[in-house]
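Residue-level listing of the chains:
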Amino acid sequence: MAFCTTCGANVQGSFCTSCGTPLSAAAGQQAPPAPAPAFQPPPAASPMGATPVAAAPAKRGLSPLVWVLIIVAGLILLAVLGVVGAGFFVMHKVHQAGSIPS
Ligand SMILES: [Zn+2]
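In this text the structure is predicted, and so the values were computed from the model without any measurement.

## Some details on the overall build of the protein
Part 1 of the reasoning: Counting its regular elements, the protein contains 1 helix and 2 strands.
Part 2 of the reasoning: Helices and strands in the protein line up, N terminus first, as β-β-α.
Part 3 of the reasoning: Going through the 102 residues of the protein one by one, you find that 6% of them count as buried.
Part 4 of the reasoning: At a minimum sequence separation of 6, the contacts of the protein that also span at least 24 residues come to 11%.
Part 5 of the reasoning: Total accessible area on the protein is roughly 8900 Å²; 71% of this is exposed by carbon and sulfur atoms.

The following block contains the structure:
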């Protein structure tokens, strides 16, 4: 008589009828699971209270030139998106007009 180490049910065949665990894995009654290795802290652990963020920018605020560049880039992106959308719309219309509706 063997017992399944997974669910504890009686195993009478090669596999547990309750959860399907192979009997080979459950050989030996109530075999304890492999003991977890002793916890060892990583050797290169940083000490407590280390610098939280080392990649912080030096200046808090962005220069106005950067903001202008960001705004211009956003406008260009919107314009590109609008042109692409209009192009797709026109293509769709042309395709609709040119194709024979079935
Ligand atoms: Zn089982």
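Back to the write-up after that little detour.
## So, the environment of Pro22
Part 1 of the reasoning: Residue placement: Pro22 occurs in the loop between strand E2 (10-11) and helix H1 (64-98).
Part 2 of the reasoning: The class for Pro22 is partly exposed, based on a relative accessible area of 32%.
Part 3 of the reasoning: For Pro22, the contacting residues outside a window of four places in its chain are Ser14 and Phe15.

## A closer look at a nonpolar patch on the surface
Part 1 of the reasoning: On the surface, Val68, Val72, Ile76, Val80, Val84, Phe88 and Met91 cluster together to form a nonpolar patch covering roughly 650 Å² of accessible area.
Part 2 of the reasoning: Summarising the element assignment, Val68 is placed in helix H1.

## Overview of the coordination of the zinc ion
Part 1 of the reasoning: Summarising the metal site, the zinc ion is bound by the protein donors Cys4 (SG), Cys7 (SG), Cys16 (SG) and Cys19 (SG), whose distances to it range over 2.2 to 2.3 Å.
Part 2 of the reasoning: Classification of the site at the zinc ion as tetrahedral follows from its 4 donor atoms and the range of 101 to 117 degrees in their angles at the metal.

## Focus on the confidence of the model for the protein
Part 1 of the reasoning: Here the protein averages 78 in pLDDT, while 67% of its residues score no lower than 70.
Part 2 of the reasoning: Here strand E1 (residues 2-3) is the element of the protein with the lowest mean pLDDT, 82, and H1 is the one with the highest, 93.

What counts and what doesn't
- Residues numbered from 1 in each chain as written.
- Predicted model: local features only at pLDDT ≥ 70, side-chain atom pairs only at ≥ 80, totals over all residues.
- Heavy atoms only, no water.
- Helix = DSSP H or I, 4+ residues; strand = E, 2+ residues; numbered from the N terminus.
- Buried < 20%, exposed > 50% of the residue type's maximum accessible area, 1.4 Å probe, protein only.
- Contact = heavy atoms within 4.5 Å.
- Areas by Shrake-Rupley, 256 points an atom, 1.4 Å probe, with all protein chains shown as cover.
- Patch = residues over 30% accessible without salt bridge, like charges linked within 9 Å, V, L, I, M, F, W, Y side chains within 5 Å.
- Salt bridge = Lys/Arg side-chain N within 4 Å of Asp/Glu carboxyl O.
- Donors = N, O, S within 2.8 Å, 3.2 Å for Na, K, Ca; no water.
- Tetrahedral: all angles 85-135°; square planar, octahedral: opposite > 155°, others 65-115°.
- pLDDT = per-residue confidence, 0-100.

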